[in-house]
Amino acid sequence: MLNYNFYDMLCPKLQMIVRYGVLAALKDDTRMAASLLRMHFHDCFVNGCDGSLLLDDTKDFKGEKNAFPNRNSIRGYEVIDKIKGDVEKACPSTVSCVDILTLAAKEAVVQSGGNPWPVLLGRRDGLTASEKAANEQIPSPFEPLENITAKFAANGLDFKDVVVLSGAHTLGFAQCFTFKRRLFNFKGSGNPDPTLDSSLLSSLRTTCPNVDSSNTKLAPLDSTSSMFDNAFYKNLMSNAGLLESDQALMGDQRSAAMVNSYSNYPYLFNKDFGESMTKLGNIGVLTGQVGEIRKKCGFVN
């Protein structure tokens with residue numbers, strides 16, 4: 001069983017080591033907050049929160065690092081490796097990579113202005129990874145809301161969790177290829193997405209001109225991309241969501257009502273975000289004697 005005090009005796013300095021590790025990373029690069037949060041999400045959505053995303057390919061399996069949703073996109077492996085190294089010095093072979101990633105995701109939110117939530121600990125690291133599962137199970141920005149909701153449901157997360165965890169897009173940037181069809185040729189119409197705010201459209205066309213060479217350029221996911229706040233929902237209310245899958249939350253009455261609430265009540269969003277993150281962090285966890293405590297996060301012992 002996971003519990004809040006799992007490492008209190010075994011590794012009392014753990015939370016402090018993670019906090020300073022994330023602090024150092026954000027000092028170098030504020031975008032890293034979003035990257036760490038996303039890494040935790042992509043780990044948990046593929047066969048549970050087991051640190052499988054962190055594993056390099058071996059002769060026995062193709063890992064998740066090169067799956068389509070992660071390749072040239074997931075960042076922060078070196079941040080987790082650095083924290084793991086510091087934790088190993090303090091408490092050898094004690095703390096799993098997946099628990100470090102789970103704590104780092106919370107720290108990323110808190111250090112960007114979000115509210116803390118208590119993190120359950122005691123997860124163990126998995127022994128394998130799956131590129132195929134990552135390609136199939138991670139939600140895509142091109143999918144309709146019902147497909148994304150189904151992928152959440154497969155992991156025991158409900159419709160409210162979809163709306164709340166989409167709010168993680170209050171942090172960070174997206175590459176142009178993830179939203180470019182909204183700017184020029186939406187669903188084959190030859191026109192931009194009619195729901196996209198016109199002034200945002202013109203600024204995005206400047207950032208992401210209609211040529212392949214702009215595919216990896218970056219645009220902020222909300223108007224305050226390094227602050228954890230409720231601006232994401234305010235932007236959706238004015239048709240200024242960046243990703244189709246985010247703006248789609250306004251196309252369903254149930255989610256639109258929640259977006260409206262969160263745009264008006266930031267404390268409600270913060271509270272619900274912590275609750276949904278706790279559910280996310282509990283997906284398919286390995287405990288007891290199952291799995292292992294990896295010495296290095298990229299390799300099974």
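You'll find the chain entered in an unreviewed UniProt entry as Peroxidase, with Rhododendron simsii given as the organism. Comment text from UniProt for the chain, heading Function (unreviewed entry), reads "Removal of H(2)O(2), oxidation of toxic reductants, biosynthesis and degradation of lignin, suberization, auxin catabolism, response to environmental stresses such as wounding, pathogen attack and oxidative stress." UniProt annotates the chain under Subcellular location (unreviewed entry) with the comment "Secreted".

Positioned with a positive phi, N47 is a non-glycine residue whose angle comes to about 55°. Examined against the element boundaries, N47 turns out to sit in the loop between α2 (32–44) and α3 (77–90). In this structure N47 comes out as partly exposed when scored by relative accessible area, which is 47%. Even without a glycine there, the phi angle at N239 is positive, about 60°.

With that out of the way, let us pick up the state of the cysteines. On inspection of all chains with the given rule, the structure shows four disulfides. Disulfide pairing is shown between C176 and C208; the S-S distance is 2.0 Å. Between C176 and C208 the disulfide shows an S-S torsion of about -70°. By sign, it is left-handed. Of this pair, C176 sits in the loop between β1 (173–175) and α8 (181–184) while C208 sits in the loop between α9 (198–207) and β2 (218–220); the two residues are 32 residues apart in sequence, bridging distant segments of the chain. Across the pair, C208 and C176 agree in class, each one buried. If you count the bonded cysteines of the chain from the N-terminus, they pair up as 1-4, 2-3, 5-8, 6-7.

With that settled, the discussion passes to the domain arrangement of the chain. Partitioning the chain into structural domains gives domain 1 (13–138) and domain 2 (145–277). A straight line from the C-alpha centre of domain 1 to that of domain 2 covers 23 Å. On the side of domain 2, 18 residues touch domain 1, which itself brings 22 residues to the contact. Of the roughly 1500 Å² buried at the junction of domain 1 and domain 2 (both faces included), carbon and sulfur atoms supply 68%. If you sort the residues of domain 1 by the area they bury against domain 2, R31, F45 and W117 come out on top, with a joint share of 33%.

Taken as a whole and assessed by the stated rule, the structure comprises 19 salt bridges. We note a salt bridge from D56 to K65, for which the minimum N-O separation is 2.6 Å. Look at D56 and you get partly exposed, because its relative accessible area is 27%. K84 is paired through a salt bridge with E88; the nearest N and O atoms lie 2.8 Å apart. Here K84 and its partner E88 are both found in helix α3, four residues apart, which amounts to about one turn of the helix. Per residue, the accessibility class of K84 equals that of E88, and both read buried. Connected via shared salt-bridge partners are K160, K271, D272 and E275.

Applying the stated rule across the entire model yields 13 aromatic pairs. With a centroid separation of 5.0 Å and an interplanar angle of 80°, the aromatic rings of F232 and Y233 are classed as edge-to-face. Among the residues examined, F232 registers a relative accessible area of 2% and is labelled buried. Since its relative accessible area comes to 0%, Y233 is described here as buried. The rings of W117, F228, F232, Y233, Y262, F269 and F273 are connected pair by pair, giving a single aromatic cluster. Over the ring of Y77 we find K65; its NZ or CZ atom is 4.3 Å from the centre of that ring. Looking at R254, its charged tip hangs above the ring of F159, at a distance of 3.8 Å from the centre.

Inspection of the secondary structure assignment puts E143 in the loop between α5 (131–137) and α6 (145–153). Within polar-contact distance, the side chain of E143 engages the backbone nitrogen of S140 at 2.9 Å. Of the polar contacts made by the side chain of E143, one reaches the side chain of K151; its length is 3.1 Å.

Attention now goes to empty space enclosed by the protein. For the structure on display, the rule yields one cavity of 30 Å³ or more. One number sums up the size of the largest cavity: a volume of about 70 Å³. Considering the residues around the largest cavity, the lining is formed by H40, T102, W117, P118, V119, L120, R123, M277, T278, G281 and N282.

Definitions and limits used
Residues numbered from 1 in each chain as written. Predicted model: local features only at pLDDT ≥ 70, side-chain atom pairs only at ≥ 80, totals over all residues. Heavy atoms only, no water. UniProt positions renumbered as here; feature names shortened; annotations may be inferred. Helix = DSSP H or I, 4+ residues; strand = E, 2+ residues; numbered from the N terminus. Buried < 20%, exposed > 50% of the residue type's maximum accessible area, 1.4 Å probe, protein only. Disulfide = S-S within 2.5 Å. Domains from an automatic or database assignment. Contact = heavy atoms within 4.5 Å. Buried area = accessible area lost by both parts, 1.4 Å probe. Salt bridge = Lys/Arg side-chain N within 4 Å of Asp/Glu carboxyl O. Phe/Tyr/Trp six-rings, centres within 6.5 Å; stacked < 30°, edge-to-face > 60°. Lys NZ or Arg CZ within 6 Å of the ring centre and 35° of its normal. Polar contact = N/O pair within 3.5 Å; in protein donor to acceptor, adjacent residues only side chain to side chain. 1 Å grid on protein atoms, 1.4 Å probe; cavity = no way out; pocket = protein on both sides within 12 Å on 5 of 7 lines; lining within 4 Å. Points joined across faces, edges and corners; volume = space filled by probe spheres on them.

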